[in-house]
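Observations on the model geometry
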Amino acid sequence: MSQGQYLAAAYLVVFVVVLAYVLIIATKLVRLQRDVAAIAELVAEREPPAELRAEPESPRPQVTLG
Amino acid sequence: MWSRNNVVTALAALAAALVGVAIALIFFWIPDDADQGISQKIFYFHVPIALTAYACFGWGALKAFLHLWRRPSGADLESYVAIHQGVIFGILTLVTGSIWARASWGVWWAWSSTQLVLFLVLFLFYSAYFMLRFSVEPGPARANLCAVYALFGVVLIPISFLAIRLANDFIHPTVFTSEGPQMEGSMFFAFCVAWAAMLALAAALYHVELAGKRLDTTLRELRERLA
């Protein structure tokens, strides 16, 4: 191998390792997104339907005059 | 959260810009070394990467010390992530150094070089940190054990750095002596830019990994509460 090829190999190694690290982090981010989606689903299952959530109106106090 | 994201973005942009400038300086501005020729240009990434690995191990040890002293929340995780970064930069140091050794000395490794062997010892010591961490159940006991281990390892950093000066190692070159850097001004400038680039890259990766780990922990806690 020539000196230039050794130089290229050294710089390529740095590039490849950093790229591999970024890919690993990207994979982890995909997993985290999946986890967030799963938790959002769990929260949605626990929440009561919208019609049940609406609080019934409290009766107005009757005021008698006279 | 907003400011944390901004820090990561700024560090990543700074790292990208500095790496670009460093590569331009190394390949288009500074002259080839009179003795080693073009292969000497490995120096401009190899040495900054090694110094960044030391910095990461040092940062990890500092966080470990803080964990043992004041016990701030998250210091254990920060120490772990810093040591992880140090090991990654350590791998890069060993591989780029090995390639440079082959180009300059004709061998991939020289056991007679104290600097090389001590760096390998430091690297293996911190690699064993992960074996310790993942063999103990998560909790305060694990955090304390890991912090003590990370603190012990930091002693190896000055020894590894000074080994070449203490042992009269003639194989591994000494560039930084008590009389200053033994290189031209332009070479030293390119070296400083490359070092700043590596530090910025390490800082950006450290914050990204830390954010990921914190998010992971929060999500796990949320899932446990919902289960």
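Note that this is a predicted model, so its numbers are computed, not measured. (Residues numbered from 1 in each chain as written. Chains lettered and ligands numbered in written order. Predicted model: local features only at pLDDT ≥ 70, side-chain atom pairs only at ≥ 80, totals over all residues. Heavy atoms only, no water.)

Moving on to the overall build of chain A. Secondary structure assignment for chain A yields two helices and zero strands. When the 66 residues of chain A are sorted by exposure, 17% land in the buried category. Of the roughly 5500 Å² that chain A leaves accessible, carbon and sulfur atoms contribute 64%. (Helix = DSSP H or I, 4+ residues; strand = E, 2+ residues; numbered from the N terminus. Buried < 20%, exposed > 50% of the residue type's maximum accessible area, 1.4 Å probe, protein only. Areas by Shrake-Rupley, 256 points an atom, 1.4 Å probe, with all protein chains shown as cover.)

Residue and element names in this part refer to chain A. A grouping of Leu12, Phe15, Val16, Leu19 and Leu23 is seen on the molecular surface, where their side chains present a nonpolar patch of about 510 Å² in accessible area. Checked against the element boundaries, Leu19 lands in helix α1 (residues 3-46). Using a relative accessible area of 44% as the deciding quantity, one classes Leu19 as partly exposed. (Patch = residues over 30% accessible without salt bridge, like charges linked within 9 Å, V, L, I, M, F, W, Y side chains within 5 Å. Salt bridge = Lys/Arg side-chain N within 4 Å of Asp/Glu carboxyl O.)

We describe a pair of aromatic rings using the distance from one ring centre to the other and the angle between the two ring planes. Residue and element names in this part refer to chain B. If you walk through the whole model with that rule in mind, you get 19 aromatic pairs over all chains. With a centroid separation of 5.1 Å and 80° between ring planes, the pair formed by Phe43 and Tyr44 is classed as edge-to-face. Taking relative accessible area as the criterion, Phe43 reaches 3% and is therefore assigned buried. Joined through ring pairs, the aromatic side chains of Phe57, Tyr80, Phe125, Tyr126, Tyr129, Phe130, Phe134 and Tyr149 make up one cluster. It is Arg70 that lies over the ring of Trp69; its NZ or CZ is 4.4 Å from the centre. (Phe/Tyr/Trp six-rings, centres within 6.5 Å; stacked < 30°, edge-to-face > 60°. Lys NZ or Arg CZ within 6 Å of the ring centre and 35° of its normal.)

This paragraph deals with the interface of chain A and chain B. By a widely used convention, the size of an interface equals the accessible area lost when the partners come together. Contact with chain A, which involves 23 residues of that partner, is made by 34 residues of chain B. Buried surface at the junction of chain A and chain B, summed over both partners, amounts to about 2500 Å²; 76% is from carbon and sulfur atoms. Contact with chain B buries surface across chain A, with Tyr6, Tyr11 and Tyr21 of chain A losing the most and accounting together for 27% of the total. A salt bridge links Asp35 of chain A to Arg223 of chain B; the shortest N-O distance between them is 3.9 Å. Across the contact surface, chain A and chain B share eight residue pairs in polar contact (both at pLDDT 80 or more). (Contact = heavy atoms within 4.5 Å. Buried area = accessible area lost by both parts, 1.4 Å probe. Polar contact = N/O pair within 3.5 Å; in protein donor to acceptor, adjacent residues only side chain to side chain.)

In terms of nonpolar packing, the biggest core is built from 66 residues, with Phe43, Tyr44, Phe45, Phe57 and Leu122 of chain B touching the most fellow members. Listing elements by their share of this core, those giving two or more residues are α1 of chain A together with α1 (2-28), α2 (43-69), α3 (75-105), α4 (114-133), α5 (140-153), α6 (156-166) and α7 (185-226) of chain B. (Core = buried A, V, L, I, M, F, W, Y, C linked by side-chain atoms within 4.5 Å.)

Turning our attention to the packing of α2 of chain B against α7 of chain B. Residues and elements named next belong to chain B. Put simply, α2 and α7 touch, their axes get as near as 8 Å, and they point 40° apart. With respect to α7, the axis of α2 lies oblique. The interaxial crossing formed by α2 with α7 has right-handed handedness. Contact residues: α2 offers Phe43, Tyr44, Phe45, Val47, Pro48, Ile49, Leu51, Thr52, Ala55, Cys56, Trp59 and Lys63, while α7 offers Met187, Ala190, Phe191, Ala194, Trp195, Met198, Leu199, Ala202 and Tyr206. Across the contact of α2 with α7, the residue classes tally to 19 nonpolar, one polar and one charged. (Axes fitted to C-alpha atoms, helices over the stretch in contact; angles between N-to-C directions. Parallel < 35°, antiparallel > 145°, perpendicular 65-115°, else oblique. Left-handed = near helix turned anticlockwise from the far one by under 90°. Nonpolar A, V, L, I, M, F, W, Y, C, P; charged D, E, K, R; others polar.)

In total, this model carries eight salt bridges over all chains according to the counting rule given. Linking Glu78 of chain B and Lys63 of chain B is a salt bridge whose minimum nitrogen-to-oxygen distance equals 3.0 Å. Of this pair, Glu78 of chain B sits in helix α3 while Lys63 of chain B is found in helix α2, placing the two residues 15 residues apart along the sequence. Each of the two residues, Glu78 of chain B as well as Lys63 of chain B, counts as buried. Of the charged contacts in the structure, one is a salt bridge between Arg220 of chain B and Asp216 of chain B, with a shortest N-O distance of 3.8 Å. Taken together, the positions of Arg220 of chain B and Asp216 of chain B, both in helix α7 and four residues apart, correspond to about one turn of that helix. Judged by its relative accessible area of 46%, Arg220 of chain B falls in the partly exposed class. The structure contains a network of salt bridges with shared partners spanning Arg31 and Asp35 of chain A together with Asp216, Arg220 and Arg223 of chain B.

The next subject is the confidence of the model for chain B. All names here are of chain B. Summarising the model, chain B shows a mean pLDDT of 88, and 93% of its residues fall at 70 or more. For chain B, per-element mean pLDDT is lowest for strand β1 (residues 176-177), which scores 71, and highest for α2, which scores 95. Per the prediction output, this complex has pTM 0.85; the corresponding ipTM is 0.81. (pLDDT = per-residue confidence, 0-100.)

Quick look at unusual backbone geometry now. Positive phi is not limited to glycine here, since Arg71 of chain B has a value of about 55°. For Arg71 of chain B, the location among the structural elements is in the loop between α2 and α3.

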